[in-house]
Amino acid sequence: MFEELWSIAIPFSTRMKELEYEVKRDIRKTMSDFENIQGELESLLLTCKKDLTIFSSNKILCYLLNKGRFLYYLPTILQKEASIKILMENVDEYLIRQIASVNTSAQVKSIQIGYTNKIAEINEMVMIFDSKHVLHVNYDPNNKLVATYSNEEHKVLIQELMFEKYWNEVKSLDIMNKN
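In short, a report on the structure. (Residues numbered from 1 in each chain as written. Predicted model: local features only at pLDDT ≥ 70, side-chain atom pairs only at ≥ 80, totals over all residues. Heavy atoms only, no water.)

## Side note on the packing of helix H3 (residues 34-47) against helix H4 (residues 58-67)
Filter applied, for reference: Axes here mean lines fitted to C-alpha atoms, for a helix over just the part in contact, with angles spanning 0 to 180 degrees between N-to-C directions. Put simply, DSSP H or I for four residues or longer makes a helix, DSSP E for two residues or longer makes a strand, and each gets a number counted from the N terminus. In what follows, roughly perpendicular refers to angles from 65 to 115 degrees, roughly parallel to angles under 35, roughly antiparallel to angles over 145, and oblique to any angle outside these ranges. Any two residues whose heavy atoms approach within 4.5 Å at even a single point are treated as in contact. Three classes are used: nonpolar for Ala, Val, Leu, Ile, Met, Phe, Trp, Tyr, Cys and Pro, charged for Asp, Glu, Lys and Arg, and polar for all others, with Gly counted as polar.
Close contact between H3 and H4 brings their axes to 12 Å; oriented N to C, the two are set at 90 degrees. One way to sum up the angle between H3 and H4 is to call them roughly perpendicular. For the pair formed by H3 and H4, the contact residues are Phe-34, Gln-38 and Leu-41 on the first element and Tyr-63, Leu-64 and Lys-67 on the second. For the contact of H3 with H4, the class distribution of residues is 4 nonpolar, 1 polar and 1 charged.

## Focus: unusual backbone geometry
Let me state the cut-off plainly: Buried means the residue's accessible area, taken with a 1.4 Å probe over protein chains only, is under 20% of the maximum for its type, while exposed means over 50%, and partly exposed covers the values in between.
Phi is positive for Asp-130, close to 55 degrees, though the residue is something other than glycine. Mapped onto the fold, Asp-130 is located in the loop between strand S5 (124-129) and strand S6 (133-139). For Asp-130, a relative accessible area of 9% puts it in the buried group. Of note in this structure, Ser-131 is not a glycine but carries a positive phi near 55 degrees. Counting through the fold element by element, Ser-131 comes out in the loop between S5 and S6. Note on Ser-131: relative accessible area 35%, which makes it partly exposed.

## Some thoughts on the pattern of salt bridges
Short version of the rule: By salt bridge we mean one thing: a side-chain nitrogen of Lys or Arg within 4 Å of a carboxyl oxygen of Asp or Glu.
As enumerated under the stated definition, the model contains 3 salt bridges in all. Among the salt bridges present, the one from Glu-40 reaches Lys-29, with a minimum N-O distance of 3.1 Å. On the criterion of sequence distance, the pair formed by Glu-40 in helix H3 and Lys-29 in strand S1 (residues 28-31) is long-range, its members being 11 residues apart. Its relative accessible area of 6% is what places Glu-40 among the buried residues. Assessed through its relative accessible area of 32%, Lys-29 is described here as partly exposed.

## A short note on the packing of H4 against helix H6 (residues 93-105)
Selection rule: Take the far helix as the reference: if the near one is turned anticlockwise from it by less than a right angle, the crossing is left-handed, and if turned clockwise, right-handed.
With their axes 10 Å apart at the nearest point, H4 and H6 run at an angle of 45 degrees to one another. When the interaxial angle is binned, H4 and H6 end up oblique. H6 is crossed by H4, and the crossing has left-handed handedness. Contacts between H4 and H6 involve Asn-58, Leu-61, Cys-62, Leu-65 and Asn-66 on the former and, on the latter, Tyr-94, Leu-95 and Gln-98.

## Some details on the pairing of strand S4 (residues 112-115)
Both faces of the sheet carry side chains from a regular strand, because those side chains alternate between them. In plain terms, the rule: For two strands to pair, DSSP has to find at least two bridges joining them. Classification remark: right-handed applies to a crossover when, strands pointing away from the viewer, the course from the first strand over the helix to the second runs clockwise.
As judged from the 4 bridges shared by strand S3 (residues 83-88) and S4, these two strands associate in the parallel manner. The residue bridging Ile-86 from the neighbouring strand is Ile-113, located in S4. As for the winding sense of the linkage, the β-α-β connection from S3 through H6 to S4 is right-handed.

## Details of the nonpolar core
Threshold: Nonpolar cores are built from buried Ala, Val, Leu, Ile, Met, Phe, Trp, Tyr and Cys residues. Side-chain atoms within 4.5 Å join them into one set.
One finds Leu-45, Leu-52, Phe-70, Leu-74, Met-127, Phe-129 and Leu-135 to be the most contacted residues of the largest nonpolar core, which totals 36 residues. Looking at which element gives the most residues to this core, the answer is helix H5 (residues 70-79), with 6 residues. Counting residues in hydrophobic clusters, the runner-up holds 7 residues, among them Phe-55, Ile-122, Trp-167 and Val-170.

## Re the environment of Asn-138
Within the secondary structure layout, Asn-138 lies in strand S6. On the accessibility criterion, Asn-138 (25% relative accessible area) is partly exposed. Not counting residues within four places of it along the chain, the set of residues in contact with Asn-138 comprises Ile-60, Asn-123, Glu-124, Lys-144, Leu-145 and Val-146.

## Regarding the sheet that holds S5
Spatial ordering of the open sheet is given by S1-S7-S6-S5-S2-S3-S4, a layout of 7 strands whose pairing is mixed. Each of the sheet's edge strands pairs with one partner strand only, and the pair in question is S1 and S4. If you compare each strand with its neighbour and ignore which way they point, the axes differ by 10 degrees on average. Judged from the 5 bridges that link them, strand S2 (residues 51-56) and S5 form a sheet pairing that is antiparallel. Residue pairing in the sheet places Phe-55 in a bridge with Val-126 of S5.

Right under this line is the structure:
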């Protein structure tokens, strides 16, 4: 019984981050150092329980997949039976292969992917975690990554509505193209 409980236990550091995010309301912070961005992203990925939605440019998503440990956390989120949806600006074979490798190893759910070339080229990434936190990543004028974290309800809700709008359009176009 101990082994079974131990296997589903949450590490103390992760639980502390969960409590930290829950206690502090209406926070907004900006990070420009990649290590800080990576640390915040990892903390949010570790605490994600229900759903993760990503609306991203291919350039930023590829950068995070190559430079950080972003891909490492996706199977863990899927094991929690959470939903992961990724909407990218265009089809990218490298990204498809990376996500397909996660999907083949997933035992419960798989990552849902959508592509849209119907909007102008985007140079940002928006990640929504459990409808509670949003991380907005983009490039500054000096071509360095900058991230803004917020848990303000209205900011999260606006980003969710935008994502759902584009997600539904992409899925509708897929259905129309198949008919």
